[in-house]
Amino acid sequence: GKFITTRRKGRWEYVSRARGIRAAVILAVDADDHVLLVDQYRVPLGRRCIELPAGLIGDEAGSEGEDAALAAARELEEETGYRAERMDVIGEFFSSPGMVSESFTLLRAHGLTRVGDGGGVEGEDITVHRVPLSGLAGAVAGWRAEGHAIDVRLLTLLGPAILAG
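All values reported here derive from a predicted model rather than from experimental measurement. (Residues numbered from 1 in each chain as written. Predicted model: local features only at pLDDT ≥ 70, side-chain atom pairs only at ≥ 80, totals over all residues. Heavy atoms only, no water.)

Colleague: Explain the overall build of the protein chain residue by residue, including any values.
Modeller: Helix and strand counts for the protein chain come out as 3 helices and 10 strands. In the protein chain, the succession of helices and strands from N to C terminus is β-β-β-β-β-β-α-β-β-β-α-β-α. Taken over C-alpha atoms, the radius of gyration comes to 16 Å for the protein chain, in line with the 15 Å a tight globule of 165 residues would show. Taken along the three principal axes of its C-alpha coordinates, the protein chain extends 50 × 35 × 30 Å. Residues classed as buried in the protein chain amount to 41% of the 165 residues present. Intrachain contacts of the protein chain at a sequence separation of at least 6 include 62% that bridge at least 24 residues. Carbon and sulfur atoms make up 53% of the accessible area of the protein chain, which totals about 9500 Å². Seen as two clouds, the 19 positive and the 25 negative side-chain charges of the protein chain have centres 7 Å apart. (Helix = DSSP H or I, 4+ residues; strand = E, 2+ residues; numbered from the N terminus. Rg over C-alpha atoms; globule rule 2.2 N^0.38 Å. Buried < 20%, exposed > 50% of the residue type's maximum accessible area, 1.4 Å probe, protein only. Contact = heavy atoms within 4.5 Å. Areas by Shrake-Rupley, 256 points an atom, 1.4 Å probe, with all protein chains shown as cover. Lys, Arg positive; Asp, Glu negative; His and termini not counted. Charge placed at Lys NZ, Arg CZ, Asp CG, Glu CD.)

Right under this line is the structure:
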């Protein structure tokens, strides 16, 4: 396909991104300790999913080798309507290494300023949520009760409370 390919190594089958495309995921917490989340319909799940803002790196012709921080800044603004003064790379992570070779670069956005409504580009139907960190677990429970899927990357924020019991 244009964005993914299936591969086989011995008896192992897996999926990878085509053409060296990568992904950037943005952890955006504002000065008031609110996290920016996005809500969009995901075809493979057949329902809406609550996620950290994210996007592809180097997916447009001529953008091969694009810098992860530049892609993340662009995606954050497109999806949420917020601009970051600075993007710090936290590291590379793999979300489903038994089935997908894709990794994502996790970045932390700093100095957030709202510059628009967000919602994505043409063809995307993104709803932006600004949620207090102190109320995130309750918000996630509410979304689950409504039938939303929850992206695994939200564990970056929910993990400490889960470990504390």
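Colleague: How would you explain the packing of aromatic side chains if you had to name every residue and give the values?
Modeller: Taken as a whole, this structure holds 1 aromatic pair when the rule is applied. Plain terms: the ring middles of Phe93 and Phe104 are 5.9 Å apart, the flat faces sit at 25° to each other, and that makes the pair stacked. Pair noted here: Phe93 is in strand E7 (residues 82-93) and Phe104 is in strand E8 (residues 104-114), with a separation of 11 residues, a long-range link. Residue classification places Phe93 among the partly exposed residues on the basis of a relative accessible area of 37%. Residue classification places Phe104 among the buried positions, given a relative accessible area of 8%. Between the NZ or CZ atom of Arg153 and the centre of the ring of Phe104, over which it lies, the distance is 4.4 Å. (Phe/Tyr/Trp six-rings, centres within 6.5 Å; stacked < 30°, edge-to-face > 60°. Lys NZ or Arg CZ within 6 Å of the ring centre and 35° of its normal.)

Colleague: Any details on the sheet that holds strand E9 (residues 127-132)? Residues and values, ideally.
Modeller: With respect to topology, 4 strands assemble into an open sheet ordered E9-E4-E5-E10, the strand pairing being mixed. Among the strands making up the open sheet, the edge pair consists of E9 and strand E10 (149-150). Here 2 bridges tie strand E5 (residues 47-51) to E10, and the two strands are oriented parallel to one another. Residue pairing in the sheet places Cys49 in a bridge with Ala149 of E10. Together, strand E4 (34-42) and E9 form the strand contacts of helix H1 (residues 68-80), whose direction differs from that of E4 by roughly 75°. (Pairing = 2+ DSSP bridges. Axes fitted to C-alpha atoms, helices over the stretch in contact; angles between N-to-C directions.)

Colleague: Could you give an account of the sheet that holds strand E3 (residues 22-28), with specific residues and numbers?
Modeller: Pairing within the open sheet is mixed, and its 4 strands lie in the order E6-E3-E8-E7. Each having just a single partner strand, strand E6 (54-57) and E7 make up the two edges of the open sheet. Taking the axes of each pair of neighbouring strands and ignoring which way they run, one obtains an average angle of 30° across the sheet. Where E3 lies against E6, 4 bridges are found, and the strand directions are antiparallel.

Colleague: Any chance you could break down the pairing of strand E1 (residues 4-9) for me, citing the residues and the numbers?
Modeller: By the criterion of burial, E1 is predominantly exposed, with just 0 of the 6 residues buried. Across 6 bridges, E1 lies against strand E2 (residues 12-17) in antiparallel orientation. When the sheet's bridge partners are listed, Thr5 is paired in E2 with Ser16. Counted between consecutive antiparallel strands, the loop separating E1 from E2 contains 2 residues, among which Gly10 sits at a positive phi close to 65°.

As far as function goes, none of this settles anything; it's purely spatial.
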